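Architecture at a glance
Listed here are the chains, written in short residue letters.
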Amino acid sequence: MMCCGNRGNSYGLLVLCLWAGIMQAVAQQRDSVYFQFFAGINKSANEHLPWSEFSSYPWSFGCFVGMGKEWTPLWGGRLSFGYNHNKSRNVPACESKDTWGWDDVELFADATFDLTDVWKGKSSEERNNKFNLKAFAGVGGLATFRYPKDRPLSYLYPYSADNKICWGVHAGLTARWHLSDYWHWGAELSHTMAPDKFNGVVDHRAPMDGRTNLSIGITYLMFRPKRPPKGPVVYSNRLKTIPRLPLKLPEPEPTKKRQIAGRAFLDFPVNETTIYPAYRRNPDELGKIRSSVDSARFDPTIRIVSVSLHGYASPESPYANNTRLAKGRTAALVDYLKGQYDLPDSVFHTAYTPEDWENLRAFVEAGNRRKVKGDWWYDNPALMETPEMPEEVRRYREELLTVIDSSLEPDAKEAQLKQVGGGKPYQWLHRHVYPGLRHTDYIIEYVVREFPLNEAKRLIYLHPEALSVEEMYRVAQSYEVGSDGYYEALTIAADRYPDDPTANLNAACACVQVRRLKDAEAYLERAGDSKEADYVRRVIRAMQGKGSWRMEHGKVVDN
């Protein structure tokens, strides 16, 4: 079945417009050289004022003359010269209603696009020529002058009353009504953006100033419009209606086991293994651990089955003492959590590494960033980065790595590390890297019950990790196909379980329903090569107008 363009797909409309303009496949009339004169009112948008006050911005006026021509039935160009008197207020109306004005002259070069010809899609003899609508966009220059000298332009920000020249962009719509073959009258709505200095006040938080113009005027065509002979209507080979898509019911999850992983950097006094909750960074780090446990206990029926703690110490001082510290500090964290939560001893599992040579090596090899194991080396943004590794350390990187990789005993290895480069590399590492090697990694595992539909519809936004793919599918099925809730439930499932082929297939189908074809293709890349996924790919190609296809028994079939 051959059908017209997909108006619901914004990408498809843009491609159709560009294709039609370049190929000139639609036989429509072209405007000859024309002249315009428009005048009207404007409002200047002062970036210091909230948009909620736009309706109360002061009105002003402007006009322009233009000359243009259509080079194809759809595309054309225009050169316009304009004058505007602009007005603005400095501060919100609740502070002061004073206004100030300034003038500018401007020259813009525009590209025009005939929207009427796209919508009608007929030859000039068949369509109604009484109305024409063009979109335009252009760039140009503006010369501003006559800023007020007797009053401040702003009470809060720097300003300048000097004349200036700046660049600008504008875009808008021009509507014309046919009076005769040569005379048209019409209206134009446009919005102009210029750099922040345009209104005389510079506020770097808002890099652009704006002005909206509404004008009416006349257009004169130099020559009678050329009317090409009738030709056949060319249709696009695009699938317009969406066929039934092969959503799959996911398999239920036998046991819904979840886990939360994190890393804490607790501070201990030298050689001590006792946790002091108020000591240095400990309030934040202990709060991070409690937040992880609380996140796993958002529902009273959730059962925590395992808390695994692995403590690390930095490779300094005697190895035996580091063993004592890593083991004792890990045990101290277990005691702290037991005091905070009613958890049995059986759920706790501990391990320790006396000296974290692995992370030290990874940092020396990487060079600059402390992010080594995953993306949570430091969760605190203020502690995310170390200083850039200086040249005196980079110069000895290979020698440092050789020592770290050696088979020496830990204490002998540390002693040799201190000798590299006269000891300066070790001093820098000890100051900037070793604090991050004193950490505790934790993994909290818990089991979640199955949730009825009314709870699942709430949890899919608050705790999507607690739901299975099958539960999220049931949430989607409770909404109308193509609705926001339907689309969000299926895409949340795929984003939460990126390796699940069924979740990604269903998310691709949801994207096709709302004509987000690029997103659908991305989900299909993770959906595998099942026959259902291949069929959805075929539907997408048909909606894009690619290949040769037909409809057979309600399905898209390749010719």
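Remember, it's a predicted structure, so these values are computed and weren't measured experimentally.

The pLDDT averaged across the protein works out to 83; a share of 85% of its residues lies at or above 70. Predicted confidence for residues 19-27 stays below pLDDT 50, and this span has 21 contacts to residues more than four positions away or in other chains. The low-confidence segment residues 122-127, where pLDDT is below 50, has 19 contacts with residues more than four positions distant or belonging to other chains.

Looking now at the packing of aromatic side chains. In this structure the tally under the stated criterion is twelve aromatic pairs. For the ring pair Phe-38 and Phe-64, a centre distance of 5.4 Å and an interplane angle of 5° mean the geometry is stacked. Taken together, the positions of Phe-38 in strand S1 (residues 34-45) and Phe-64 in strand S2 (residues 59-70) put the pair 26 residues apart, joining distant regions of the chain. Each of the two residues, Phe-38 as well as Phe-64, counts as buried. When the centroid spacing of 5.1 Å and the interplanar angle of 25° are considered together, the rings of Trp-177 and Trp-185 count as stacked. Relative accessible area serves as the criterion here: at 43%, Trp-185 is assigned to the partly exposed category. Members of the aromatic cluster, joined through ring pairs, are Trp-100, Trp-102, Tyr-147 and Phe-198. Sitting above the plane of the Phe-136 ring, Arg-78 keeps its charged end 4.7 Å from the centroid. Positioned above the aromatic ring of Tyr-34 is the side chain of Arg-176, whose terminal nitrogen or guanidinium carbon lies 5.6 Å from the ring centre.

Let us look at the nonpolar core. With 68 residues, the main nonpolar core has Ile-275, Val-307, Leu-333, Leu-337, Val-512, Leu-524 and Val-539 as its most contacted residues. Take this core: its biggest share by element is eight residues, from helix H13 (residues 501-513). Contacts of Val-539, omitting those with residues within four sequence positions, involve Leu-239, Pro-243, Leu-245, Val-512 and Val-556. Counting residues in hydrophobic clusters, the runner-up holds 18 residues, among them Val-364, Leu-417, Tyr-426 and Tyr-434.

Before going further, it helps to examine the sheet that holds strand S10 (residues 303-312). Spatially, the four strands line up as an open sheet ordered S9-S12-S10-S11, and their pairing is mixed. If you trace the sheet from one side to the other, it starts and ends with strand S9 (256-264) and strand S11 (348-353), each paired once. Averaged over neighbouring strand pairs, the angle between their axes works out to 15° when direction is ignored. As defined by bridge partners, S10 adjoins strand S12 (residues 440-448) across eight bridges and the pair is classed as antiparallel. Bridged to His-310 within S12 is Asp-441. Along the sheet face, helix H4 (residues 319-340) touches S10, S11 and S12 and points at about 155° away from the line of S11.

Attention now goes to the packing of helix H3 (residues 282-296) against H4. One way to put it is that H3 packs onto H4 with a least axis distance of 12 Å and a crossing angle of 60°. The angle between the axes of H3 and H4 places the two elements in the oblique class. The two elements H3 and H4 cross, and the hand of that crossing is right-handed. Contacts from Leu-286, Ile-289 and Arg-290 in H3 reach Leu-333, Tyr-336, Leu-337 and Gln-340 in H4. In terms of residue class, the contact of H3 with H4 is built from five nonpolar, one polar and one charged.

With that out of the way, let us pick up the environment of Glu-450. Summarising the element assignment, Glu-450 is placed in the loop between S12 and helix H10 (453-462). The exposed category is assigned to Glu-450, whose relative accessible area is 56%. Separated by 194 residues in sequence, Glu-450 and Lys-256 have C-alpha atoms that sit 7.9 Å apart. Those residues in contact with Glu-450 that sit more than four places away from it in its chain are Lys-256 and Glu-471.

Rules used in this analysis
- Residues numbered from 1 in each chain as written.
- Predicted model: local features only at pLDDT ≥ 70, side-chain atom pairs only at ≥ 80, totals over all residues.
- Heavy atoms only, no water.
- pLDDT = per-residue confidence, 0-100.
- Contact = heavy atoms within 4.5 Å.
- Phe/Tyr/Trp six-rings, centres within 6.5 Å; stacked < 30°, edge-to-face > 60°.
- Helix = DSSP H or I, 4+ residues; strand = E, 2+ residues; numbered from the N terminus.
- Buried < 20%, exposed > 50% of the residue type's maximum accessible area, 1.4 Å probe, protein only.
- Lys NZ or Arg CZ within 6 Å of the ring centre and 35° of its normal.
- Core = buried A, V, L, I, M, F, W, Y, C linked by side-chain atoms within 4.5 Å.
- Pairing = 2+ DSSP bridges.
- Axes fitted to C-alpha atoms, helices over the stretch in contact; angles between N-to-C directions.
- Parallel < 35°, antiparallel > 145°, perpendicular 65-115°, else oblique.
- Left-handed = near helix turned anticlockwise from the far one by under 90°.
- Nonpolar A, V, L, I, M, F, W, Y, C, P; charged D, E, K, R; others polar.

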